[in-house]
Structure formats: C-alpha cells, structure tokens
Amino acid sequence: MQAAVAKTPAKAPPAARKVTFRILRGTLVGDQLTQKNQDFEVPYDDSTTVLGALEWVKGELDGSLTFRRSCRASICGSCGMYINGRSRLACKTKVKDLIYGNEAKNIAAGGEVVVISPQLNQPVLKDLVVDIHPFYEKVEVLKPYVQDGPEKEAHVTKDSFSQVNMVSNCIMCGNCYSDCTAMVENPSFLGPAALAKAYRFVADPREGDKTDRLKALSEDNGVWDCTRCGMCIDACPKGVAPMEAIVKLRALAIEAGNTHVKGAKKSMGLKGEIATWGVVNEPLMMLNALGPIGVLGQLGNALNLMKKGKVPSPLPFEHRPEGLAEVKAIYKELEENPLDVRTRAEDSGPGAG
Amino acid sequence: MGISTGLNYAYYPGCAAKQIQKEADWSARAISKQLGIQLNDMPRATCCGAGNVQEHDLAAGLALNARIFSEAEEMGMDIVTICNTCLQTFTYANHRFQHEPELLADINKVLVKAGVRPYQGTIDVKHLTWVLVDEIGVEKLKSHIKNPLNDLKVAPFYGCHAMRPNEIFQGRGGTVNGPKYLETLIATMGGQSVDYYGKDKCCGFHYMLAHEKEFLSMSGGHSLEAKNAGADVMVSPCTLCDFALGAYQSRSEKALGQKIGLPEMNIAQLVGVAFGLDDKTLGMSRLHQDPTPAFRAHNIRA
C-alpha cells in the first residue's frame, strides 16, 4: 500500500511562503572541482522538507541539480548533506524549522536563506553528491561481520543486545563522518560510524575475536584519535551516539590490556592522581602519557607557559581537597564489588541486531 | 530543577582554573562579586574526572561526581563552573542520576560504604555565563558597565563541552538553538560578535598530548579563521579552550608557519574589562597575546 507520493505543489498556492535556497553547486572536470553558490526561490509550507524543496527545484527550475535521495523516510541514508551549518538528512529536515528554529530538534533559526552544500570530509563529485568510497572502506577494514573464533559465546542473553541495539540503527548516511572534527585534521581517522560499528561487533557475545579487534582499534587512527567533541552524537539522525560507543571501546581496550598508547596512559593515570592529589596533576599527567623522553619534548611548551607565570606545580598541595580517604574507599569498594553502569539501549524493533 | 536560592552557588572552578588558568578564576570571582553572585568554595571537591576517568572506569567517575554533587546538595546550592569539560562531565552524570534511579541507588550504596552522604539527585549544574545571562540579565549587566567595548570585534569560541550532546543539555548549551550566551554578553558590553565556522567546533585540548601536530593545526586554524574574519580578540567560556587557543597560540603559529596574533581571553576577563576592573585583578598579564593595543584602538579604558 503506497500513498500517492506527496509532492510540493509546482504552482505555489496563494498563501504559500517563499524561501531562498543557496546551494553550493559543483562540477568536476578532470581533477578540478569548480564550486559556486546558486540561489533558488522555493515555495514551502509547514510540511515541506529540504528534500521536497530540492526536488521541486530539480523538477521546475533546473533539472541539472544533482543530489542523492531514495526513501524520503530517514531509512536509506542517501540524502545526507550540509544544511545551515550541520550535516543533516534532507528528508528529515523541515524548511520551516530551518527558518524559525526548532528547539526540540536542535535546529537554530536561520532566517529566510537556507544554505546547503555537500557533506564535509569527503571528495565532491557533483553538486551535493560526495564520493562515499573512503567512508565505506573504513567500515570494510573493520570486518563488519561476526567472526568465528575462540571468544565466541554460545549463550546470548537479551541484555547483551542492550549494547548492540543502538548501533544497529546506523543507516550509513555519513552525517557523523561529515561533522567529525578529528577527521578534518586526520583524514585517515576511521571516524565515528566505523568505530560505532566496531563497538557493535566487540559487544556482540557471538563475536569470536574481540581481543584482536580491540588491539587493532587501539592503534593509530582508532579509538584514541577521537577529540570527544560530540559532533557525531548531535549529527546522527538515528540516535546511534557514535562517541558514546567510542568511549565504551576505550574502556574495553584498556581492560583488554592495550595500555601502551598515550591516550590510554593519560586516562588511566588520572584516576590515581585524583585519589592522591584530588586534582589533575598536570606535570604528572604529561609524564604518564608521554614518558620521560616525551616530557623533554614538551620543554618548549613549558618555557612558553613560564614566561606568563604559568608554572604547573608537580606538588599541588595547596589544592588538595579534604576527605580524599573517601575517594580511596570508593575505589576500593568498586574494585571489590564492580558495578556495570554502561548505558543501555532498548531493542528498537524487528531487524535490530 | 535546582536548589539554589538567590544567587548562592557552590563554586567549582575546575583543575585548570586552580593551576595554569588562574586568571579565569580571579576574573570570575571579581565579576561575580560586583554582581552579587555568591561563589562558595567546595573544600571537599576533587577533580571531576574530565571524561578521562569515565572512559577508563565509568563507575568510579560517576561515584566521584556523585560525591561532589552530594557536597553541593549539603550546602543547599547548585554548582556553578567555569570549565566546559567539568560542565559536561557533571551534566552527563547528573542527567543519568536524574533519569536512572537504579543507577543512583547503586552509586549511593558505594558512597555510603565509603562514608559519604548519599546524593539525592536535586542539584543543577550551570556555567557562569548561563547565570550571567539567565539569572542576572542584560539590563543589570548593562548597569555595571564602565568601559563599553565600542564595537570591538570579538570572536566567540564556545567549546564542545558546553553544548554537546544536546540531549543532556536540553537546549541550554546556547549553541544551535538556545540563547546565544556569548553573543548576548558581547553585545551587552557594546562589542560586535564575529561569526566564523570554528566558533562551535573543537579546540583540540582533549587530544593535545596524544596528537600534538593535529591539535596545533586545529586550534591555530580556528584562531586564524577568526582573525581573518576581522576579530580583534577571541573569548571562550572554558579554561581548557583558553589554554588551547591562548596559551598554545604561539606554538600553533610555529606549526602553521604563520603569524596569528589574536589575543584570546576568558569571557569573564572581558566582562571584567567592561566592568572597569583593573588588569591585576583580571590577570591580564598572564595572557599570551596582549589585548591592550586592540582595546586602545577602540578607546576602551583609554
């Protein structure tokens, strides 16, 4: 049963409002990409989506406008694009919300011009279409399937899927990859979507090679290359929260003994520092993460800070809070009686997992 | 939500403001005093874990946070902080405690065994800028201004951890939708906000140790972009962003092979300048790029 395809009327009804779509068009000639903004006047009403408006432009004004789309229902993940400063699905984003803002949907009021460009962090092929090969290749190298192996568990509880459910909602739209701040500086970074998928397989009791996966994920371009900026959580149209998965992977990677990387050393050091000093011990944190030789490499930075009277003390006694015995007792209690405090996601319906 | 009455808060400056970024703490205290905001010290409060403890041992991180919340609750006050990472770490933990009663009960059992008063889940955690805009208000702030900023062009840098994930901040982050805290403060003081791509992106602080090259390029890139967009100075509400964008700017210049020269300071320092407070109180000599020429050019405290 399929209802007639809802179409934004070609001829605007008398009361219809109009908005300007400022679209970054692009053409690739050889290796050379030429991009230019083009404005279109688009009629809209309360139900018009960005995708509906783009289709109206393509049908009524300029048939050469190129963008990906398919399902119109935030299921296929095709229409991810950069809309008013964030990567969003065109089919899920209402024009009205972009103009007037929608707090519940985390959309700012942008006024009468809707600015659209292709997703970031990926090569542009044409107008709003990017090359999704790098994005997919990074998922592929992670072996996105359950592997046979010695660590496979035969008993699969329903609760174990509380860790898998959330990530299973990923539709590979690439919005998290596009908004990722770490990707800008390091294009080899595996990125939020791939790492969220990796968590899905590490957390699956049926997976046979969890230890090897965690070891590989601890290397360069893996879980420790994330800046923890949270852009991917807000960019995801399906509530996958990739950064949360990355943070969970970090904990599992440390637990599996992958403690040689700087990021892991820094994180592990802080817990002890708090019990001893109560505060971050800046010089000690550096020593933990970088080792003595690495710290020597930081001398330039330290001298720079000292010029402004900013001398980090390795003995921050003056800031030591009262009651640190309580902190030690908390740690002891948790070591003796560990608590599972991971966030859990409900089974999101048929097909999940 | 929240238990503070009047303008009484449990003050949690965070580790950076106690050590390397002291000027942010001095300025926050100085402007709060002028405005009648009581910032009460928390003698028992430890580091929040900064997300680092949480990604290594989440239960320990949550318990550390609950212990700190319990102290504020006993003081009868909400927490006010000037560090984004403390704000996010606390907001995340508090959001979970307030939405997952079983989790709070489990953590409280640990606290009780360690001799700590259990946390009842009643406090709110706020950034000082939220108090300035939401509690004090633009009109009262204006009445304290002695040195208007005379159209000084100010680049706001929000920092990730006062905004994301939106779900835990419930629109209070003042970024994509909520009130525009920094822009509001800048306009109130008579300055002009400069808009640029990096304003709500990442300063790179949390990966500076492990990825120095990428960090310097990231933080320097934002400063350069703001400068090219016409900014005279940059402000941030976060001591860690201050550290990344201000204290490390000369290192970024070396890494980028390009002069940036954009004075960066904590928003509390700029508010302090507008309030007519002196350089010593605001710790202006600790800034790595002197903002005085920019102030002079706009006849601020001429």
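For every chain, the first residue of the written sequence is number 1, and numbering continues from 1 along that sequence. Both sets of labels track the order of writing: A upward for chains, 1 upward for ligands. The predicted nature of this model means local features are confined to residues of pLDDT at least 70 and side-chain atom pairs, given and counted, to a pLDDT of 80 or more, with totals for whole chains, interfaces and linings taken over all residues.

J.: Which residues make up the overall build of chain A, and what values go with them?
T.: Only DSSP runs of H or I reaching four residues or more are called helices, and only runs of E reaching two or more are called strands; each is numbered from the N terminus. Secondary structure assignment for chain A yields 14 helices and 7 strands. If you line up chain A on its principal axes, its C-alpha atoms span 75 × 60 × 45 Å. Any residue with 12 or fewer other C-beta atoms within 10 Å of its own C-beta is exposed, any with 20 or more is buried, and the rest are partly exposed; the C-beta atoms used are placed from the backbone. Every one of the 353 residues in chain A was classed for burial, and the buried ones make up 43%. By the criterion used throughout, residues are in contact when their C-beta atoms, derived from the backbone, lie within 7 Å. Partitioning the intrachain contacts of chain A with sequence separation of at least 6 by distance along the chain shows that 65% fall at a separation of at least 24.

J.: Can you tell me about the interface of chain A and chain B, naming the residues and giving the values?
T.: Across the contact, 60 residues belong to chain A and 54 residues belong to chain B. Taken together, the elements giving at least two residues each to the side of chain A that touches chain B come down to α6 (181-185), α9 (231-235), α10 (242-255), α11 (262-277), α12 (282-296), α13 (299-306) and α14 (324-336) of chain A. It is α11 of chain A that contributes the most residues to the side of chain A that touches chain B, 8 residues altogether. Of the residues assigned to the side of chain A that touches chain B, the class counts are 29 nonpolar, 14 polar and 17 charged. In this classification, the charged set is Asp, Glu, Lys and Arg, the nonpolar set is Ala, Val, Leu, Ile, Met, Phe, Trp, Tyr, Cys and Pro, and all remaining amino acids, among them Gly, are polar.

J.: Before we move on, can you summarise the pairing of strand β5 (residues 113-117) of chain A with the specific residues and values?
T.: Residue and element names in this part refer to chain A. In β5, alternate side chains face the same way, and those of V114 and I116 are buried while those of V113, V115 and S117 on the opposite face are not. Bridge count between strand β1 (residues 17-29) and β5: 4 bridges; the pairing is parallel. Note on β5: the bridge partner recorded for R22 is V115. Criterion used throughout: strands pair if DSSP finds at least two bridges between them. As judged from the 2 bridges shared by strand β3 (residues 80-83) and β5, these two strands associate in the antiparallel manner. The partner of I83 across the bridge, within β5, is I116.

J.: Break down the confidence of the model for chain A for me, with residues and values.
T.: Averaged over all residues, the pLDDT of chain A equals 90, while 93% of them reach at least 70. Residue-level confidence of the predictor, termed pLDDT, takes values from 0 up to 100. The low-confidence segment residues 1-9 of chain A, where pLDDT is below 50, has 4 contacts with residues more than four positions distant or belonging to other chains.

J.: If you had to explain the sheet that holds strand β7 (residues 233-236) of chain B to someone new, which residues and values would you point to?
T.: What the 4 strands build is an open sheet, ordered β6-β5-β7-β8 (chain B); its pairing is parallel. Across the chains shown, the open sheet's two edge strands, defined by having one partner strand only, are β6 (192-193) and β8 (264-266) of chain B.

J.: Got a sec to walk through the domain arrangement of chain B? Specific residues and values, please.
T.: Residue and element names in this part refer to chain B. Bear in mind that the domain bounds are from an automatic or database domain assignment. Assigned domains of chain B: these are domain 1 (8-127) and domain 2 (137-297). Computed from C-alpha atoms alone, the centre-to-centre distance between domain 1 and domain 2 is 24 Å. On the side of domain 2, 24 residues touch domain 1, which itself brings 25 residues to the contact. Where the side of domain 1 that touches domain 2 is concerned, the elements lending two or more residues are α1 (15-18), α2 (22-35) and α4 (84-99). Of all the elements, α2 adds the most residues to the side of domain 1 that touches domain 2, at 10 residues. Of the residues that constitute the side of domain 1 that touches domain 2, the class distribution is 13 nonpolar, 10 polar and 2 charged.

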